[in-house]
Amino acid sequence: MPTLQRRWDDLTDESLRVATLVGLASIPFTVVLSGESEPHAIAGAPLLFAGLVVGYVYSKRPTASRRAGRRAGAVASIGVVLWQLSYLTSIVRTLSLEITVVVTALTPVVAAVGVGLSLLVAMAGAIVAEWIVANGPRIRHASN
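What you see is a predicted model; the values in this text were computed from it and never measured. Each residue is numbered by its place in its chain's sequence as written, counting from 1. Where local features are concerned, this predicted model is filtered to residues with pLDDT of at least 70; where side-chain atom pairs are given and counted, the filter is 80 or more; whole-chain, interface and lining totals use all residues. The side-chain quantities take in all heavy atoms of the structure and omit both hydrogens and water.

1. Re the overall build of the protein chain
Link 1 in the chain: The helix and strand labels rest on DSSP assignments: H or I over at least four residues marks a helix, E over at least two residues marks a strand, and numbering proceeds from the N terminus. Along the protein chain, the regular secondary structure elements total five helices and zero strands.
Link 2 in the chain: Shown N-terminal to C-terminal, the secondary structure of the protein chain runs as helices and strands in the order α-α-α-α-α.
Link 3 in the chain: When burial is assessed residue by residue, the protein chain has 31% of its 144 residues classed as buried.
Link 4 in the chain: In the protein chain, the share of contacts with a sequence separation of at least 24, taken over all contacts with a separation of at least 6, comes to 79%.
Link 5 in the chain: When the accessible surface of the protein chain is summed, it comes to about 9,100 Å², and 71% of that surface belongs to carbon and sulfur atoms. The buried label applies to any residue whose accessible area, calculated with a 1.4 Å probe on protein chains only, is under 20% of its type's maximum; exposed applies above 50%, and partly exposed to all values in between. Residue contacts are counted whenever heavy atoms from the two residues lie within 4.5 Å of one another. To measure how exposed things are, a 1.4 Å probe is used in the Shrake-Rupley method; for residues, cover is taken only from the protein chains shown.

Here is the structure:
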């Protein structure tokens with residue numbers, strides 16, 4: 001089990017600074033694009049794009065792209081959770097007291113699912129970008 005110091009060191013790791021910044025940069029896009037789509041839908045394009053950028057950047061670095069994608073997804077999930085909370089807040093006002101209590105009790109579960117999906121989307125983008133960078137030249141040479 002990781003110690004508190006090890007977790008702190010992992011959170012403040014200098015090698016993941018770009019991944020953290022890319023994740024932070026995707027938050028406003030996630031919130032704005034989610035607001036323009038259906039009320040209950042969350043825009044995944046900013047998460048995927050953040051993963052692709054991180055995968056490309058970290059494909060040439062010693063830090064693993066998956067780890068960087070995980071960091072970008074974790075940070076970018078702030079936008080997903082913010083959107084979920086704002087949507088739940090808007091619909092709770094129209095519900096009965098019993099349903100409001102159930103929705104409030106399930107909010108942490110919904111937030112955890114949102115974070116998990118954000119991690120998966122950003123990591124998938126990072127893995128795809130890393131694969132394209134690694135195999136791109138071979139694909140072009142094969143077609144010539």
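2. So, the UniProt feature "transmembrane region" (unreviewed entry) in the protein chain
Link 1 in the chain: UniProt records the feature "transmembrane region" (unreviewed entry) at residues 41-59, 71-89 and 109-133, using the numbering of this structure.
Link 2 in the chain: Counted over residues 109-133, helix gives 100% and strand 0%. Its end C-alpha atoms are 36 Å apart. UniProt positions are given in the numbering used here, feature names are shortened, and annotations may be inferred rather than shown by experiment.

3. Looking at helix 2 (residues 17-36)
Link 1 in the chain: Given a helix with a known number of residues, its expected span is that number minus one, times 1.5 Å. In a regular helix each residue adds 1.5 Å, so 20 residues correspond to 28 Å; helix 2 covers 30 Å between its end C-alpha atoms and thus fits that length.
Link 2 in the chain: Note on bend: the value at a residue is the angle between axes fitted to the seven residues ending there and to the seven starting there. Bending of helix 2 peaks at approximately 25° at the position of S26, with proline P28 no more than four residues after it.
Link 3 in the chain: Lining the buried residues of helix 2 we find helix 3 (45-58) and helix 4 (65-92).

4. As for the environment of L48
Link 1 in the chain: Within the secondary structure layout, L48 lies in helix 3.
Link 2 in the chain: The exposure class assigned to L48 is partly exposed, which follows from its relative accessible area of 39%.
Link 3 in the chain: Residues L48 and L120 lie 72 residues apart in sequence; the distance between their C-alpha atoms is 9.3 Å.
Link 4 in the chain: Filtering out sequence-adjacent residues up to four positions away, L48 remains in contact with V121 and G125.

5. A closer look at helix 3
Link 1 in the chain: In this model, helix 3 (14 residues) spans 20 Å end to end at C-alpha, consistent with the 20 Å of a helix rising 1.5 Å per residue.
Link 2 in the chain: Among the residues of helix 3, those classed as buried are P46, L47, A50, G51, V54, G55 and Y58.

6. Observations concerning the side chain of S77
Link 1 in the chain: For S77, the location among the structural elements is in helix 4.
Link 2 in the chain: Given the relative accessible area of 5%, S77 is considered buried.
Link 3 in the chain: Pairs of N or O atoms within 3.5 Å make up the polar contacts considered here, provided that, within protein, one atom can donate a hydrogen while the other can accept it, and that residues adjacent in sequence are counted only when both atoms are side-chain atoms. A distance of 2.5 Å separates the side chain of S77 from the backbone oxygen of A74, its partner in a polar contact.
Link 4 in the chain: Beyond its immediate sequence surroundings of up to four residues, S77 is in contact with V115 and S118.

7. Thoughts on the packing of helix 2 against helix 4
Link 1 in the chain: Fitted lines through C-alpha atoms give the axes, limited to the stretch in contact for helices. The angle between two N-to-C directions lies from 0 to 180 degrees. Two elements in contact, helix 2 and helix 4, have axes separated by 8 Å at closest approach and are oriented at 30°. Overall, the two elements helix 2 and helix 4 adopt an arrangement that is roughly parallel. In this structure, helix 2 crosses over helix 4, and the sense of that crossing is right-handed. Where helix 2 abuts helix 4, its residues A19, T20, G23, L24, S26, I27, T30, V31, S34 and G35 lie against A68, R71, A72, V75, A76, I78, G79, V80 and W83.
Link 2 in the chain: Here the nonpolar group is Ala, Val, Leu, Ile, Met, Phe, Trp, Tyr, Cys and Pro; Asp, Glu, Lys and Arg are the charged ones; every other residue, Gly included, is treated as polar. Considered class by class, the residues forming the contact of helix 2 with helix 4 number 11 nonpolar, seven polar and one charged. Roughly parallel covers angles under 35 degrees, roughly antiparallel covers those over 145, roughly perpendicular covers 65 to 115, and oblique covers all other angles. Crossing handedness: left-handed means the near helix sits turned counterclockwise from the far one by under a right angle, and right-handed means the same turn made clockwise.

8. What to know about the nonpolar core
Link 1 in the chain: Buried Ala, Val, Leu, Ile, Met, Phe, Trp, Tyr and Cys residues that are joined via side-chain atoms within 4.5 Å together make up what is termed a nonpolar core. Within the largest apolar cluster, eight residues are counted, these being L16, A19, V22, A50, V54, Y58, A68 and A72.
Link 2 in the chain: Every element with two or more residues in this core is listed here: helix 2, helix 3 and helix 4.
Link 3 in the chain: Counting residues per element, this core draws most heavily on helix 3, at three residues.
Link 4 in the chain: Ignoring any residue separated from it by four or fewer positions in sequence, one finds L16 in contact with Y58, T63, R67, A68 and R71.

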